[in-house]
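Survey of secondary and tertiary structure
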Amino acid sequence: MPLTADSAVIRRLMVRPGPAGEDRAPVPASAAAVSAVLRAFGRSPRDLPVRTVVYVGAHAPDPALAPEHEGFAVRTASAPGRALRLAHQELHDGTADFALVAGFDEPEAGTITVYAVKRAAEAVAEGDTVLGVLDLTTDPDAAPELTALAHGHRATDPDRHRLLLWSGRDERDEQRVRGELLPLLSGLHHEAFPALPTVVPCGTAPGPVRGAAVTVAALSAATVHKATAVTAARPRPVALLFPGQGSQHRAMAAGLYGREPVFTAAFDAALSHMGEEGPRIRADWLTDGRPLIPVDDVRRAQPLLFAVDYALGRMVIGWGVRPTAVLGHSAGELVAATIAGAVALPDAVAMVMARVREAVKIPPGGMLAVAAEEHRLRPYLRDDVAIAAVNANQQTMLAGPAEPLAEIAQALRADGLTVVTVPATSPFHSPAMAPASEAVEAAYRDIPLRPPALPLYSGYTGELLSPEKALSPRFWARQITDTVYFKQALESLLAADDMLLIEAGPRQTLTAFARRHRAVRLGASAAVPLLPGRPGTAEADRQSVLTAAARLWTEGHVPSPVALSALWTWSADAHTGAEATAPAPQLAAATP
């Protein structure tokens, strides 16, 4: 069951100003009190989302209270219950992304109860502890009740792939643990297989010698027996790679939707900001028949890639694996910027949709992948056909209007070069897109941008993105026309440290580019895809993700066993035969 746009309370805190035992007097709704509300949960205001709004619910708010305080909008209401309702409406309308709602003199004089409120899907995607969803059917003056967040059910299908992780203090200890696990798997009833703990032994710190198996119940003993143990030294830091247009295919990552809670919530959160197109995009993505708009059309490719890449990145972070850097290719750079905190999710979606809106006005074009160096291709360029991307040694892309691009492709093939048509219907990264770039830049001037909170390597600068570029609407708009220097950006990233590169997107395109890099070929760094290299089954999507999680474990990282187990114990469907026979445990509902 996809999450709705309901607002969820994620934190609640009661503040008692003044010494304990002092007679309580009403707390004035003053500027000083609003400052206290902004810091109620121990965060600096600069760490709050750009579009944070403070709602003051007080019977007699200070008339001198300004509509803005410390850079954040301040609203007032006559009662705390009304303030929560107004905050919910603003979150639902998309004019705010986060609300701090302060009930003055609630539940008694001299106290302030502060609620932190987000959209439900975004709260789940970002790993927040959800106290409950606002129930707005009660008295408008009363504080709304919190209802449980219903998000998924227990799934127990033993034929789904699952992950088994084990470790030991040394090689002998690992063999002992595996030896104790094998008889258990051999004699286990297959219906109990999904309920086995993810990590063995339970309750102890993981040892440095590790094993992992991705398997189904019937093959579990044999798979564990054949698995190769790895000694995990210093785990390499993780960098997330986000692919762009050209990587898309029908039903990409659809096997995770409704079967992995964070992916599902993050995908829904992204589509919820796409207006009326959101449900149509989801329907075309999930259909077994003919979609209304083909996936290679820019109206589907870019919104879908953004949602899938973003949801995959959130899923990995939801495992407790914190990336130390991000790098996106073409449209994937906007996903990287979102994960890095340079732009809020609703604004990033608005930027994507603006690109799409303007791209469809440009005459049809396309892109080519050519097995040649950039300098060898320059003599062929003409009529707005340009170098679109330099991805790796002997891996260059061209883009431009359809007719001259086809003629150049014919000439390249006649000269013995390998040329592959990239699935795209618009000439991105060529001068033909200049009118779209100018229109998008005007739209981007209203987008609140921030310097990235994570190192963000840019394919347009070939290096770490500077705060000045991150804050420039022109920089983001020029991405429609400018060349992507992925090879150079990857070089800069891998020069900073030995990395474990995780590709959060379909087709393994960036993984293939990365594996051509000398640091990866020599084993100093490594590249791991999350999804299969070609379209396949829903189970293949899940199996591929589990294989990537197993690699993180044997690398020395410790992904959350509870989060990982959702891939074989969770379902969004209320009833699916053998699956979803009982509700999944709800998210924590205790007051902090």
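Summarised in this report is the structure supplied together with it. If you're wondering where the values come from, they're calculated on a predicted model, not measured in any experiment.

If you walk across this open sheet you meet the four strands as β17-β18-β16-β19, and the pairing is antiparallel. In the strand order of this sheet, the two ends are held by β17 (386-392) and β19 (419-422), each with one partner. Sheet twist, expressed as the mean angle between neighbouring strand axes with direction ignored, is 25°. As defined by bridge partners, strand β16 (residues 365-370) adjoins strand β18 (residues 395-401) across six bridges and the pair is classed as antiparallel. Note that in β18 the partner of Gly-365 across the bridge is Pro-401. Here helix α12 (residues 402-414) sits on the sheet and contacts β16, β18 and β19; the angle it forms with β18, its principal contact strand, is near 145°.

Okay, the packing of helix α19 (residues 538-555) against helix α20 (residues 561-569) next. α20 packs onto α19 with a crossing angle of 160° between their chain directions and a minimal axis gap of 11 Å. When the interaxial angle is binned, α19 and α20 end up roughly antiparallel. The handedness of the crossing between α19 and α20 is left-handed. Of α20, the residues touching α19 (which contributes Arg-542, Val-545, Leu-546 and Ala-549) are Leu-564, Leu-567 and Trp-568.

Right, let's talk about the side chain of Arg-236 for a bit. Along the chain, the position of Arg-236 falls in the loop between β13 (230-231) and β14 (238-242). Residue classification places Arg-236 among the buried residues on the basis of a relative accessible area of 13%. Only 3.0 Å separates the side chain of Arg-236 from the backbone oxygen of Ala-524, close enough to count as a polar contact. At a separation of 2.7 Å, a polar atom in the side chain of Arg-236 contacts the side chain of Glu-555. In this structure Arg-236 touches Asp-498, Met-499, Leu-500, Gly-523, Ala-524, Ser-525, Ala-526, Arg-551, Glu-555 and His-557, once residues within four positions along its chain are discounted.

Our next topic: the packing of aromatic side chains. The description of an aromatic ring pair uses the distance of the two centres, along with the angle that the planes make with each other. According to the stated counting rule, one finds eight aromatic pairs in the structure shown. Residues Tyr-257 and Phe-267 carry aromatic rings whose centres are separated by 5.5 Å and whose planes lie at 65° to one another, so their mutual orientation is edge-to-face. A residue pair is termed long-range when its members are at least 10 positions apart, and Tyr-257 in the loop between β14 and α6 (261-272) and Phe-267 in helix α6 qualify at 10 residues. By relative accessible area, which is 0% here, Phe-267 ends up buried. Between Phe-267 and Trp-285, the aromatic rings sit 4.1 Å apart at their centres with planes inclined by 20°, giving stacked as the arrangement. Within this pair, whereas Phe-267 is found in helix α6, its partner Trp-285 is found in helix α7 (residues 277-286), the two being separated by 18 residues in sequence. Summarising the burial analysis for this pair, Phe-267 and Trp-285 share the class buried. Taken together, the ring pairs connect Tyr-257, Phe-263, Phe-267 and Trp-285 into an aromatic cluster. Just above the ring of Phe-193 sits the side chain of Arg-162; from NZ or CZ to the centre is 5.4 Å. Here Arg-210 stacks its cationic end above the ring of Trp-553, 4.3 Å away from the centre of that ring.

Rules used throughout
- Residues numbered from 1 in each chain as written.
- Predicted model: local features only at pLDDT ≥ 70, side-chain atom pairs only at ≥ 80, totals over all residues.
- Heavy atoms only, no water.
- Pairing = 2+ DSSP bridges.
- Helix = DSSP H or I, 4+ residues; strand = E, 2+ residues; numbered from the N terminus.
- Axes fitted to C-alpha atoms, helices over the stretch in contact; angles between N-to-C directions.
- Contact = heavy atoms within 4.5 Å.
- Parallel < 35°, antiparallel > 145°, perpendicular 65-115°, else oblique.
- Left-handed = near helix turned anticlockwise from the far one by under 90°.
- Buried < 20%, exposed > 50% of the residue type's maximum accessible area, 1.4 Å probe, protein only.
- Polar contact = N/O pair within 3.5 Å; in protein donor to acceptor, adjacent residues only side chain to side chain.
- Phe/Tyr/Trp six-rings, centres within 6.5 Å; stacked < 30°, edge-to-face > 60°.
- Lys NZ or Arg CZ within 6 Å of the ring centre and 35° of its normal.

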